[in-house]
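Report on the structure
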Amino acid sequence: MTSIISAQNVVFEYISHDDNKVTALDNVSQEIKKGEFVAVLGHNGSGKSTLAKHFNALLLPSKGTVYIKGMDTRNEENTWNIRQTAGMVFQNPDNQIVATVVEEDVAFGPENLGVEPHEIRKRVDEALKTVGMQDYAKDAPHYLSGGQKQRISIAGVLAMKPECMILDEPTAMLDPSGRKEVMETIKRLNKEEGITIILITHFMDEAVQADRVVVMQRGNAIMQGTPKQVFAEIDKLKSVGLDVPQVTELCARLHKEGIDIPLDVLTVEEMVVELCRLK
Amino acid sequence: MIKDITIGQYMPGETSIHRLDPRIKILATIVYISILFFIKGFFPYLYVLGYLGMVIWLSEISPKTILKSLKPLAVIILLTLVFNIFMTPGEKLPGFGFLPITKEGLYQAGYMGLRLMFLITGASLLTLTTSPIALTDGIEKLLNPFKKIGVPAHELAMMMTIALRFIPTLLDETDKIMKAQMARGADFESGNLFSRAKAMIPLLVPLFISAFRRAEELALAIEARCYRGGENRTRMKQLKLKGIDYSASLITLLLCVAIIFTR
Ligand SMILES: Nc1ncnc2c1ncn2[C@@H]1O[C@H](COP(=O)(O)OP(=O)(O)OP(=O)(O)O)[C@@H](O)[C@H]1O
Ligand SMILES: [Mg+2]
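Residues numbered from 1 in each chain as written. Chains lettered and ligands numbered in written order. Predicted model: local features only at pLDDT ≥ 70, side-chain atom pairs only at ≥ 80, totals over all residues. Heavy atoms only, no water.

Some words on the overall build of chain A
Note the cut-off: Secondary structure elements are taken from DSSP: a helix is a run of H or I of four residues or more, a strand is a run of E of two residues or more, and numbering for both begins at the N terminus. The reference for a compact globule is 2.2 Å times residues^0.38; the radius of gyration itself is calculated from the C-alpha atoms. When a residue's accessible area, from a 1.4 Å probe over protein chains only, is under 20% of the maximum for its type it is buried; when over 50% it is exposed; and in between it is partly exposed. We call two residues in contact whenever any of their non-hydrogen atoms come within 4.5 Å of each other. The Shrake-Rupley method, run with a 1.4 Å probe, gives the accessible areas here. Residue values count only the displayed protein chains as cover.
A tally of helices and strands in chain A yields 11 helices and 10 strands. A compact globule built from 279 residues would reach a C-alpha radius of gyration of about 19 Å, and chain A, at 20 Å, matches this within 12%. Here chain A, with 279 residues, has 56% of them falling under the buried criterion. Of all intrachain contacts in chain A linking residues separated by at least 6 positions in sequence, the fraction that spans at least 24 positions is 62%. Accessible surface for chain A amounts to roughly 12400 Å². Of this, 48% is attributable to carbon and sulfur atoms.

Here's the deal with the site of ligand 1
Residues and elements named next belong to chain A. How we decide: Being near a molecule or strand, for a residue, means having at least one of its heavy atoms within 4 Å of it. Counted as a polar contact is a pair of N or O atoms within 3.5 Å, where, for protein atoms, one must be capable of donating a hydrogen and the other of accepting one, and residues adjacent in sequence contribute only when both atoms are in side chains. As a working rule, the residues Ala, Val, Leu, Ile, Met, Phe, Trp, Tyr, Cys and Pro are called nonpolar, Asp, Glu, Lys and Arg charged, and the rest polar, with Gly in that last group.
Close to ligand 1 lie Tyr 14, Ala 24, His 43, Asn 44, Gly 45, Ser 46, Gly 47, Lys 48, Ser 49, Thr 50, Glu 169 and His 202, which account for all nearby residues. Between an oxygen atom of ligand 1 and a side-chain N or O atom of Thr 50, the distance comes to 2.4 Å. Partitioned by chemical class, the residues of the shell around ligand 1 number 2 nonpolar, 8 polar and 2 charged.

Some remarks on the sheet that holds strand β9 (residues 212–217) of chain A
The pairing of strands in a sheet happens through backbone hydrogen bonds and is either parallel or antiparallel. Residues and elements named next belong to chain A. Note the cut-off: For two strands to pair, DSSP has to find at least two bridges joining them. The angle between two axes is taken between their N-to-C directions and runs from 0 to 180 degrees, where each axis is a line fitted to C-alpha atoms and a helix contributes only its stretch in contact.
Pairing within the open sheet is mixed, and its 6 strands lie in the order β6-β7-β8-β3-β9-β10. What marks the edges here is a single partner per strand, and that holds for β6 (86–89) and β10 (220–225). Taking the axes of each pair of neighbouring strands and ignoring which way they run, one obtains an average angle of 20° across the sheet. Of the pairings in the sheet, the one linking strand β3 (residues 37–42) to strand β8 (residues 196–200) comprises 4 bridges and is parallel in character. Among the inter-strand pairings, Val 38 is bridged to a residue of β8, identified as Ile 198.

Some remarks on the nonpolar core
All names here are of chain A. For the record, the criterion: To qualify as a nonpolar core, a set must consist of buried Ala, Val, Leu, Ile, Met, Phe, Trp, Tyr and Cys residues joined through side-chain atoms within 4.5 Å.
With 49 residues, the main nonpolar core has Leu 128, Ile 154, Met 165, Ile 186, Ile 197, Val 215 and Phe 231 as its most contacted residues. Broken down by element, this core gets its largest block of residues, 5 residues, from helix α5 (residues 146–158). Every residue in contact with Ile 186, bar those within four places of it in the chain, is listed here: Phe 37, Ile 154, Leu 167, Pro 170, Ile 197 and Leu 199. Of all hydrophobic cores here, the second largest spans 32 residues; its members include Ala 7, Ala 57, Leu 58 and Ile 200.

Quick notes on the interface of chain A and chain B
As a reminder of what qualifies: A quick way to say it: buried area is the sum, across both parts, of accessible area lost when two parts are put together, with a 1.4 Å probe. Only one rule defines a salt bridge in this text: a Lys or Arg side-chain nitrogen within 4 Å of an Asp or Glu carboxyl oxygen.
Tallying the contact residues gives 39 residues for chain A and 29 residues for chain B. Buried surface at the junction of chain A and chain B, summed over both partners, amounts to about 3200 Å²; 57% is from carbon and sulfur atoms. Per-residue buried area on chain A facing chain B is highest for Trp 80, Asn 95 and Asn 112 of chain A; these three make up 21% of the total on that side. Inspection of the region where chain A meets chain B yields 8 salt bridges. Inspection of the region where chain A meets chain B yields 16 residue pairs in polar contact (both at pLDDT 80 or more).

A few points about the environment of Ile 120 of chain A
Tracing the chain through its elements places Ile 120 of chain A in helix α4 (residues 117–130). For the pair Ile 120 of chain A and Met 88 of chain A, spaced 32 residues apart in sequence, the C-alpha separation works out to 19 Å. Ile 120 of chain A has contacts with Ala 107, Pro 110, Glu 111 and Val 115 of chain A together with Thr 234, Arg 235 and Met 236 of chain B, leaving out every residue within four places of it along the chain.

Concerning the packing of aromatic side chains
Stated precisely, the cut-off is as follows: Pairs were defined over the aromatic rings of Phe, Tyr and Trp, the Trp ring being its six-membered one, requiring ring centres within 6.5 Å. Orientation was assigned from the angle between planes: stacked under 30 degrees, edge-to-face over 60, tilted for the rest. Charges are assigned to positions over rings by a cutoff of 6 Å between ring centre and Lys NZ or Arg CZ, combined with an angular limit of 35 degrees from the ring normal.
The tally for this structure, following the rule as stated, stands at 10 aromatic pairs over all chains. Ring plane angle 35° and centroid distance 5.5 Å describe the contact between Tyr 45 of chain B and Phe 118 of chain B, whose orientation is recorded as tilted. With Tyr 45 of chain B in helix α3 (residues 45–59) and Phe 118 of chain B in helix α6 (residues 103–129), this residue pair connects regions lying 73 residues apart in the sequence. Residues Tyr 45 of chain B and Phe 118 of chain B agree in their burial class; the two are buried. Both rings, one in Tyr 107 of chain B and one in Tyr 111 of chain B, keep their centres 6.4 Å apart while their planes meet at 10°; by these two values the pair is stacked. Of the two residues, Tyr 107 of chain B and Tyr 111 of chain B are both situated in helix α6; the distance of 4 residues between them amounts to about one turn of the helix. By relative accessible area, which is 43% here, Tyr 107 of chain B ends up partly exposed. Taking the ring centre of Phe 203 of chain A as reference, the NZ or CZ of Arg 179 of chain A above it sits at 3.6 Å.

Regarding unusual backbone geometry
Residues and elements named next belong to chain A. Of note in the backbone geometry, Lys 161 takes a positive phi value of approximately 55° without being a glycine. Inspection of the secondary structure puts Lys 161 in the loop between α5 and β7 (164–168). The phi angle at Arg 218 is positive, at roughly 40°, despite the residue not being glycine. Structurally, the position occupied by Arg 218 is in the loop between β9 and β10. Its relative accessible area of 66% is what places Arg 218 among the exposed residues.

Section: the environment of Ile 244 of chain B
Residues and elements named next belong to chain B. Residue position: Ile 244 is located in helix α10 (residues 243–261). Since its relative accessible area comes to 34%, Ile 244 is described here as partly exposed. In this structure the C-alpha to C-alpha distance between Ile 244 and Tyr 107, which are 137 residues apart in sequence, comes to 38 Å. Not counting residues within four places of it along the chain, the set of residues in contact with Ile 244 comprises Ser 16 and Leu 20.

Thoughts on the pattern of salt bridges
Applying the stated criterion across every chain, the model contains 32 salt bridges over all chains. Taking the shortest distance from any N to any O, the salt bridge between Arg 83 of chain A and Glu 223 of chain B comes out at 3.5 Å. Note that Arg 83 of chain A is positioned in helix α2 (residues 79–85) and Glu 223 of chain B in helix α9 (residues 193–224), a pairing that runs across two chains. Judged by its relative accessible area of 3%, Arg 83 of chain A is buried. The shortest N-O distance in the salt bridge between Arg 179 of chain A and Glu 206 of chain A comes to 3.2 Å. Within this pair, whereas Arg 179 of chain A is found in helix α6 (residues 176–192), its partner Glu 206 of chain A is found in helix α7 (residues 204–207), the two being separated by 27 residues in sequence. Using a relative accessible area of 1% as the deciding quantity, one classes Glu 206 of chain A as buried.

In structure tokens, the structure reads:
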């Protein structure tokens, strides 16, 4: 497998109001493979959103380079190609829907790309079907639930035929059922459509579903690996202000008490299996 | 509750008037309004009445709705009537005592009043039968030829779309902030105009801050979706003239010819 996103020694500094420099990314290197599902964790202000914006050429590195499918983000000629290849979904669904009708909003991306009208129609219908919102094509977005709005945003990116989708805390403003809808959509895109997913999240139960977890702190990627590897290091995660899934924490405590149970249990189902094995 | 305020006064429907191309509707409205000013005497108003009556009948908009659209402008219509009745010099009519009512005044008042009412009804028929999105689309397409002389057709349409999209969101937010302030004892309803205006400040400040934040996020989001202005942009929905659009144009044209002939 080849890398679809390659970030090399990326440094990024924001210039704040009083001319001070805030280093939001401090020498980050990442290779993201085609078809991979990567979750990015980190405390508030650790640089997750800043990193995500680099993958979409919304921000350009102060030092280092970012390549999307081999295209350098600093080359302005690539900007539109990059944004089409790596689509982005933001946290607040209300602030990223442009049009007053669902299908018009989904059409917005391909319209910007200059796609032929009948092809846009086809893409819009397909994208809405993929996210399960085809019945709402003619509705006004502001009457939809948060989860539905976020699925519309995802459809809007899908209609641009991206190879990669970056989602910056897409479930942060949703209720549990909305979160579930969105997570299921994201996983389906990854498994069925082969779209590379980068999911920034504060929810551990979302992160455990990824192929790989990256933990950020103060502009650095301090840990990475499979969810099992990362969540096994409970102490290290806690030291950077992150939680682990409840069952993982429970396992660690049981382990401390001398019970023979593995430390890398992530889901309730796995826990059930392990507990049954104890007898 | 505050969300239920409708923008414009669009009455959804599937009638032939609703389905007319928005460009034709906008142009026909402009032509119709201009031709009203060509009218001399009462007789041509019969044509206008026929035309308007046909549109209302086809659009299945109830006369009650039409009357409602006249209501906000009732004061203006009334003033027009009063001014014309009393201010037009001419042959004073007997039987009104000291009131200086003239024959010419009555004639002028009836004539101007009808013109105003026909004008308002015609214009509101456009907004009653055309959704704001279709209207925006139509305006953009009609302004397109004027891009060369610097009319920002696409930008205007984009601004209208975004405004339409965010009005319900911001109204919702106003509602929320208002309730939050009321829960803490704010009073928006009593007192004189000045104190009520003052009570609005704690409402407007958070609203503005949030609107700016939204604008910033939206700008980022549309940039991420490859928005780069109107150039090279295509549209999913193409406006295409159909048979019915040609018939409507023809009928409007006939009205113009008929009216010009009465002069
Ligand atoms: N526009 C900006 N101007 C100046 N500094 C900024 C700006 N945006 C972010 N920063 C700073 O950059 C650092 C990283 O911010 P970033 O938004 O990437 O964090 P994050 O991990 O996404 O946090 P959160 O979980 O709150 O979304 C923070 O210290 C933040 O204060
Ligand atoms: Mg963030």
